[in-house]
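One-letter residues, chain by chain:
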Amino acid sequence: MRIASWNLNSIRSREAHLLRWLGEAKPDLVGLQETKVEDSLFPRAGLEAAGYQAAISGQKSYNGVALLSRQPLEDLRIGFEALLPGDSEAQQLGEQKRVISGSLEGVRIINLYVPNGSDLKSDKYSYKLAWLACLKRYLAVQRQQGEAFCLVGDFNIALEDRDLHNPARLTGGIMASEPERQALRACLDDDLHDAFRLFEPDTGHWSWWDYRSGAWDRDRGWRIDHLYLSEELQARALRSVIHKQERGQEKPSDHAPVSVDISDEVDDEADEEADDGFMDQ
DNA sequence: ATGCCCATGTAACATGGA
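Every chain's residues receive numbers from 1 upward, in the order its sequence appears when written. As a convention, the first chain written is A and the first ligand written is 1, with the rest following in written order. The model is predicted, so local features are restricted to residues of pLDDT at least 70 and side-chain atom pairs to those at 80 or more, both for listing and for counting; the totals for chains, interfaces and linings are taken over all residues. The side-chain figures draw on all heavy atoms in the structure; neither hydrogens nor water molecules are used.

Engineer: When you look at the sheet that holds strand β6 (residues 99-104) in this model, what are you seeing that I'm missing?
Structural biologist: Working definition: the strands of a sheet are paired by backbone hydrogen bonds and lie parallel or antiparallel to each other. Strand order in the open sheet formed by six strands is β5-β6-β7-β8-β12-β9, with mixed pairing between adjacent strands. The sheet is open, and its two borders are formed by β5 (74-78) and β9 (192-194), each paired with just one other strand. On average, each strand axis in the sheet is tilted by 20° relative to the strand beside it, whichever way the strands run. Following DSSP output, two strands are said to pair if at least two bridges run between them. The secondary structure listing takes helices from DSSP runs of H or I that are at least 4 residues long and strands from runs of E that are at least 2 residues long, numbered from the N terminus. Relative to strand β12 (residues 225-230), strand β8 (residues 148-154) runs antiparallel, the two sharing five bridges. When the bridges of β12 are listed, Leu 151 appears paired with Tyr 228. We call two residues contacting when some pair of their heavy atoms lies within 4.5 Å. Throughout, an axis means a line fitted to C-alpha atoms (over the contacting stretch in the case of helices), and angles, computed between N-to-C directions, take values from 0 to 180 degrees. Across the sheet, helix α4 (residues 123-144) is in contact with β5, β6, β7 (107-113), β8 and β9; its angle to β7 comes to roughly 175°.

Engineer: Teacher, can you tell me more about the pairing of strand β4 (residues 65-69) here?
Structural biologist: When a strand is regular, its side chains alternate between the sheet's two faces. For each residue, the accessible area found with a 1.4 Å probe, counting protein chains only, is set against the maximum for its type, and the residue is called buried under 20%, exposed over 50%, and partly exposed in between. In terms of residue burial, β4 counts as a mostly covered element, since five of its five residues are buried. Alternating residues of β4 divide into Val 65, Leu 67 and Ser 69 and Ala 66 and Leu 68, and every residue in both groups is buried. Judged from the five bridges that link them, strand β2 (residues 29-33) and β4 form a sheet pairing that is antiparallel. Paired with Val 30 across the two strands is Leu 68, which belongs to β4. Bridge count between strand β3 (residues 53-57) and β4: five bridges; the pairing is antiparallel. Bridging from a neighbouring strand, Ser 57 pairs with Val 65 of β4.

Engineer: Before we go on, may I ask you to explain the packing of aromatic side chains in this structure?
Structural biologist: Aromatic ring pairs are reported here in terms of the distance separating the ring centres and the angle at which the planes meet. Pairing of aromatic rings covers Phe, Tyr and Trp, the last counted by its six-membered ring, and requires centre-to-centre distances within 6.5 Å; plane angles under 30 degrees mean stacked, over 60 mean edge-to-face, and any other angle means tilted. For the structure on display, the rule yields six aromatic pairs. Put simply, the rings of Phe 80, Trp 131 and Tyr 138 pair up and form one aromatic cluster.

Engineer: Explain the protein's contact with DNA strand B to me, please; I cannot follow it from the model alone.
Structural biologist: Definition of nearness: a residue and a molecule or strand are near each other if at least one heavy atom of the residue lies within 4 Å of the molecule or strand. For DNA strand B, the set of nearby residues contains 24 residues, the closest of which are Ser 10, Glu 34, Tyr 113, Asn 116 and Ser 213. Counting of polar contacts relies on pairs of N or O atoms within 3.5 Å, with two restrictions inside protein: one atom must be capable of donating a hydrogen and the other of accepting it, and residues adjacent in sequence are counted only when both atoms are side-chain atoms. In the model, a sugar or linking oxygen of DNA strand B is placed 3.3 Å from a nitrogen or oxygen of the Tyr 211 main chain. Separating a phosphate oxygen of DNA strand B from a side-chain N or O atom of Lys 251 is a distance of 3.3 Å.

Engineer: Explain the side chain of Glu 246 here, please?
Structural biologist: Inspection of the secondary structure puts Glu 246 in the loop between β13 (237-242) and β14 (258-262). Dropping the residues within four chain positions of it, Glu 246 is found in contact with Trp 6, Arg 20, Trp 21, Glu 24, Pro 252 and Pro 257.

Engineer: So what exactly am I meant to see when it comes to the environment of Leu 29 here?
Structural biologist: Relative to the helices and strands, Leu 29 resides in strand β2. Residues Leu 29 and Ala 176 lie 147 residues apart in sequence; the distance between their C-alpha atoms is 29 Å. Those residues within four positions of Leu 29 in sequence are excluded, and the remaining contacts are Met 1, Arg 2, Ile 3, Ala 4, Leu 68, Ser 69, Leu 73, Leu 104 and Ile 109.

Engineer: Help me understand unusual backbone geometry in this model?
Structural biologist: Where the residue is not glycine, phi is negative for most of them; where a peptide bond is considered, it is trans in most cases. A positive phi angle, near 75°, is found at Ser 61, a position not held by glycine. Within the secondary structure, Ser 61 sits in the loop between β3 and β4. A relative accessible area of 37% means that Ser 61 is categorised as partly exposed. A positive phi angle, near 55°, is found at Asp 219, a position not held by glycine. Among the structural elements, Asp 219 can be located in the loop between β10 (208-209) and β11 (221-222). Judged by its relative accessible area of 30%, Asp 219 is partly exposed.

Engineer: What am I meant to see in the sheet that holds β13 here?
Structural biologist: Sheet architecture is open: six strands sit in the order β3-β4-β2-β1-β14-β13, paired in mixed fashion. Either end of the sheet is taken by a strand with one partner, and the two such strands are β3 and β13. On average, adjacent strands in this sheet sit at an angle of 15° to one another, irrespective of strand direction. Judged from the five bridges that link them, strand β1 (residues 2-7) and β2 form a sheet pairing that is parallel. What sits directly across from Ser 5, in β2, is Gly 31. Sitting on the sheet, helix α1 (residues 15-25) touches β1, β2 and β4, and the angle it makes with β1 is about 160°.

By themselves, these figures tell us nothing about what the structure is for.
Listed below in structure tokens is the structure:
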């Protein structure tokens, strides 16, 4: 099973990119972020023609998440409030559409668009930290359910210095500050594993390049889009890839898609030979 | 140093992103 995540920066502006990429990468399950469209205007027709159905949670102009799948998802959950019914903060945070999850073949995918935070002195930064604290409570409930799960999305956090192009200048600032890194580590809690880092220890691999300052041409990027696997899925991980070529397209999103392949055989070892030749870069 | 670019909404900029 191939699971992917992509911040599209507007699905209506990027529909052609998405459809072409789906045909090339053929993911089974995709978490999308920043769809930037209310549900009634979500462009379903092209996706359905391409064999994908969409579970959506959107709003006008900002935010918005979706899950694409070839097979219908089971047990759809929208927002933190789906798992935290008595949590008033979860209710309040649900005004911004940033969380959607569903199950497929015994695997739950939780798709997130973590707030950016803007600036360390901004109210949006406190919002980001409160949001991550709520995510921790949400995951505590998820863990109690004993289901294999995959946490994907645009985290807007470079968790380690090897995840950004200029740590000397950028560490400590937004997307690389210790409080937000600590808040994300608390969510991962030693039992969620970064799929990409199972295979690639080196720096120099990015998933986001700023539109400004010629960041793409200078390869000044950050790795802020992640796929985290629970223990049972970590053992089944075959490879994880950043689909960097998508950032080089005409009128691209500022994010590249990321993906992980999970063995269908529950008893297989992680070092098993991969079963299909799709690669990038 | 600051903004650089891009999308949305609404109608020449304002807001948000990261």
